[in-house]
Every structure is written in C-alpha cells, then in structure tokens.
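Here is what each chain is made of, one letter per residue.
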Amino acid sequence: MVHRGYRRRPLPSGVVTHVLRVRLDLAYDGAAFAGWARQPGLRTVQGDLEEALGRVLRLPEPPRLTVAGRTDAGVHARGQVAHVDLPREAYLAAPGRSERDPGAALRTRLAGVLPPDVVVGHVAPAPPGFDARFSAIWRRYAYRVADDGALHDPLRRGWTVWHRRPLDVVAMDAAARRLLGEHDFAAFCRPREGATTIRTLQELTWVRDDAGLLVAHVRADAFCHSMVRALVGACLAVGESRREVGWPRAVLDAARRDSAVQVAPAHGLVLEEIGYPPDEELAERARTARAVRTLPDQPAG
C-alpha cells in the first residue's frame, strides 16, 4: 500500500534548515512488492517508506532514500540498511511534546503508518561519512530450499523454495566454493549499461540446517542484478546431477550469459545483513567504492 493524500505542511518560513543524515535499519516481506526501487504505478519498498517518512515528518515532499542493497521483486530482507537526509528541525521535532529520543519516536510513528510487511527496527543519526550503499563492505544473503516433500511446510512457503528432486548438497557446496574470489561475474548478472560486473564473492556455501532445509549462505562486497539467484540456479543444476561440479566455474570463466543457467525463484532469497567498517573508515570506504572497478590484468577506464 502506498500512502497518498496526506496533508503536507512545510517548515515555517524563515527557519534555517540544516540537513541531518539518518540511518534506518529495516525488514520487509517482499512478496507484494515490485522490488526495492521506486517505479511509477507499482508498489515498492522505497515508495512506501518515502511516502511514510514524508507523511509523519510533514515534509513538503517525500525524502529520497539510499539503500545498501536494491532487492528484486519478491526478495525479502531482514537486515536491510538505508539512509535519508532530513531537515534537522523535522527530525528533532519527531517526539512532539514528549522527551523521547527522536530516532525512537520516528520509528514508532513510522510503525503507525507503514503496512505490516515493512518494519523499521532502528532509526538514528548516521556517523560522519556514512553512506548506506557505498560505505558497505559486504552484503550477506541466504537462500532456502526444501528438497524433500516431508519438509514442505506451508507456514514457510513464502520464503522457502519447494524443489521437486532430492539435491546433492556436497556436490553443490563443492561447485560453489570454486566461484569464490574477485571475478567478472557477467555470466551470472543481468547487464546494466555503464555498470561493472566485477565483484568479490567472499562466501558461497551450501549446508543443511537443523530442519533439513538446504541453505546457501552468500556474501560479497556487492552484487549485480540477479547475481545471487543465478549462482543458486547454477548450483541447483549440479545438485540435480544435470551438470558436473566444475560447470558453474566454466560458465564464470566464459564471462557471458549462458541460457543454461536458470535464475532461481525470488521468494527463497533473504537479505540477512549488511557489513560496515569502523566509523572512522566509512568516508574512505565510500570514496573507494565509487571508483570504476577492473580486474588486475585489465586497464582502467
């Protein structure tokens, strides 16, 4: 649900507005969203949250959010991070006449207007140099699969993929580990003009949890569009014995999209956590992350 039609009240004339950067930690069920990014005519997490912020802070226009990881349609998150630049006066006025902390007050007020599938868990001024997107040093996802009919629990169907065949977790894990490191992941990404596909994959493992579900743990400095679900799809082909253990690495080395790689369904994917360096390193991390990336044997530019 997108909140519309609220009465916008501008700040009093003559007030000198200073901008304050605020960090928001949030979670959402992605089932009813067309992804994170605002899109005309579609319900998105960014759209709902920006409208809610504008409404509760009585801003002339909804503020613009910057997010750590732009999730696709149907993908969930419980460790998402965003920042927003707000008029300092509006943020400090969030408690009204109470003595509450402004961040806690704003979180409570957002809970009162946001739909139940979006929850803001923490709000606070960001440390100097913080950028939700560019200061991040890693993003961690989990992907869950039930490959046994006895594990097809309807209460978790919204975040677990039901797979029709038993999967070889040992083979999948072996295939996954061959993809670690810094590479051009063009073979597993949907290309975007002007965007690099070079990423450092820090972790990709497959395990069975205590319930018997297959879980992929995936961590990288950043991900390109559909990368995680394409990596999962390649590993599933190995787990079904349709492909050899070395096939995903061969696809990676070819550096071009392979039609044999099927992108796994969105609802099995959850953004679990975003990692940041110590506060004193945030600005430098943001500066270096904006640079165009090349592999060591490639010229820059």
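Residues numbered from 1 in each chain as written. Predicted model: local features only at pLDDT ≥ 70, side-chain atom pairs only at ≥ 80, totals over all residues. Heavy atoms only, no water.

### Things to note about the pattern of salt bridges
With the rule as written, the count across this model stands at 18 salt bridges. Glu 203 is the partner of Arg 219 in a salt bridge, and the nearest nitrogen-oxygen pair spans 3.5 Å. One end of the pair, Arg 219, is in strand 9 (residues 214-220); the other, Glu 203, is in strand 8 (residues 198-208), with 16 residues separating them in the sequence. Classification of Arg 219 as partly exposed rests on a relative accessible area of 24%. Residues Glu 240 and Arg 242 are paired through a salt bridge, measuring 2.5 Å at the closest nitrogen-oxygen approach. Here the residues in one salt-bridge network are Arg 38, Glu 50 and Glu 51, joined through shared partners. (Salt bridge = Lys/Arg side-chain N within 4 Å of Asp/Glu carboxyl O. Helix = DSSP H or I, 4+ residues; strand = E, 2+ residues; numbered from the N terminus. Buried < 20%, exposed > 50% of the residue type's maximum accessible area, 1.4 Å probe, protein only.)

### Notes on the packing of helix 4 (residues 169-177) against helix 5 (residues 227-239)
One can describe the packing of helix 4 onto helix 5 by two numbers: an axis separation of 8 Å at closest approach and a directional angle of 140°. Comparing their axes, helix 5 and helix 4 come out oblique. The hand of the helix 4/helix 5 crossing is right-handed. Across the interface between the two elements, Ala 171, Met 172, Ala 175 and Ala 176 of helix 4 pack against Cys 235, Leu 236, Val 238 and Gly 239 of helix 5. For the contact of helix 4 with helix 5, the per-class residue count stands at seven nonpolar, one polar and no charged. (Axes fitted to C-alpha atoms, helices over the stretch in contact; angles between N-to-C directions. Parallel < 35°, antiparallel > 145°, perpendicular 65-115°, else oblique. Left-handed = near helix turned anticlockwise from the far one by under 90°. Contact = heavy atoms within 4.5 Å. Nonpolar A, V, L, I, M, F, W, Y, C, P; charged D, E, K, R; others polar.)

Remember, this is a structural readout, not a statement about activity or role.
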